[in-house]
Amino acid sequence: MRDVRVGDPVEVGRVRRSTLSAREQTALDTLTTVGDLRKHVRAVVTAMDLRCVSQPYHVAVIYGARSAEEQTRLYAQGRTAPGAIVTRARAGESPHNFAAAADVALIWDAPRGGWLPDAHEGWRSLAQLVRDEGLVTGADFKGFTDLAHMELRDWLKLSRTGALTLWHGSPATGGAVV
């Protein structure tokens, strides 16, 4: 996996790409440089792109850092707002709020669209790539599996020491991109 270089052209399903989309790059740019998080997330995405070459699905960066307002909105979902529960973290409790986490989805190619089902092998492959990069995968969370999630190891400790601070961007610069 370390032999894959950022910017190497890769095939995604039947589409060739050598860079992230502008929206994906924006999400990536919101991430902290502490612990080389940006580099590790980009390496995971690049390696997963290579694994998707002959598959009918592709990888997409969908979230980087998240404001407290966005976290509050997501926390309300499935509780006081319509939709399914998508997070168990309130504002200020999520590594996204400290620019220390990213969400990367595996999405069926057109015309099918939508995320791959949880039991799909692609998610296991993604989780292993995340582990190989030294990050924590949401696939290993106890009680609330979050297959698309990856985060900086020890983000909470780093936030308590001041090495990471709350992110104050806007959804336009760091919110969901899909």
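Residues numbered from 1 in each chain as written. Predicted model: local features only at pLDDT ≥ 70, side-chain atom pairs only at ≥ 80, totals over all residues. Heavy atoms only, no water.

Turning our eyes to something else, we now look at the environment of Cys 52. Within the secondary structure layout, Cys 52 lies in the loop between α2 (37-51) and β3 (57-63). Cys 52 sits in the buried class, given a relative accessible area of 0%. The spatial distance from the C-alpha of Cys 52 to the C-alpha of Gly 122 is 8.6 Å, given a sequence separation of 70 residues. (Helix = DSSP H or I, 4+ residues; strand = E, 2+ residues; numbered from the N terminus. Buried < 20%, exposed > 50% of the residue type's maximum accessible area, 1.4 Å probe, protein only.)

If you look at the biggest cluster of nonpolar residues, it comprises 32 residues, and the most contacted ones within it are Val 41, Met 48, Leu 106 and Met 150. The set of elements that each furnish at least two residues to this core consists of α1 (22-29), α2, β3, β4 (101-108) and α4 (121-132). With six residues, the top contributor of residues to this core is α2. Residues in contact with Leu 106, not counting those within four places in the same chain, are Met 48, Tyr 57, His 58, Val 59, Gly 114, Trp 115, Leu 116, Gly 122, Trp 123 and Leu 126. (Core = buried A, V, L, I, M, F, W, Y, C linked by side-chain atoms within 4.5 Å. Contact = heavy atoms within 4.5 Å.)

Averaged over all residues, the pLDDT of the protein is 86; the fraction at 70 or higher stands at 84%. Strand β1 (residues 10-12) is the least confidently modelled element of the protein, averaging 42 in pLDDT, while strand β5 (residues 136-137) averages 98, the highest of any element. Note on residues 1-16: pLDDT under 50 across the span, and 43 contacts to partners over four residues away in sequence or across chains. A low-confidence stretch, residues 171-178 (pLDDT under 50), is modelled with 26 contacts involving residues beyond four sequence positions or located in other chains. (pLDDT = per-residue confidence, 0-100.)

What follows covers the pattern of salt bridges. Going through the model one piece at a time under the given rule, you end up with five salt bridges. Salt-bridge contacts for Arg 66 lead to Asp 103; the nearest nitrogen and oxygen are separated by 3.2 Å. Pair noted here: Arg 66 is in the loop between β3 and α3 (68-76) and Asp 103 is in strand β4, with a separation of 37 residues, a long-range link. Between Glu 121 and Arg 124 there is a salt bridge, and its shortest N-O distance comes to 2.9 Å. Taken together, the positions of Glu 121 and Arg 124, both in helix α4 and three residues apart, correspond to about one turn of that helix. (Salt bridge = Lys/Arg side-chain N within 4 Å of Asp/Glu carboxyl O.)

A pair of packed helices is characterised by two quantities: the angle between their axes and the separation of those axes. As a packed pair, α2 and α4 sit with axes 10 Å apart at the nearest point and diverge in direction by 145 degrees. Where α2 crosses over α4, the handedness of that crossing is right-handed. Facing Val 44, Ala 47, Met 48 and Arg 51 of α2, the residues of α4 in contact are Gly 122, Ser 125, Leu 126, Leu 129 and Val 130. Of the residues that constitute the contact of α2 with α4, the class distribution is six nonpolar, two polar and one charged. (Axes fitted to C-alpha atoms, helices over the stretch in contact; angles between N-to-C directions. Left-handed = near helix turned anticlockwise from the far one by under 90°. Nonpolar A, V, L, I, M, F, W, Y, C, P; charged D, E, K, R; others polar.)

This paragraph deals with α4. Between the first and last C-alpha of α4 there are 17 Å, a value that for 12 residues agrees with the 16 Å anticipated at 1.5 Å per step. Here α4 has its buried residues at Gly 122, Trp 123, Ser 125, Leu 126, Ala 127, Leu 129 and Val 130. In this structure, the buried side of α4 is in contact with α2, β3, β4, β5 and β6 (149-151). Trailing α4 by a residue or two, Gly 134 shows a phi angle of about 80 degrees, which is positive. (Expected span 1.5 Å × (residues − 1).)

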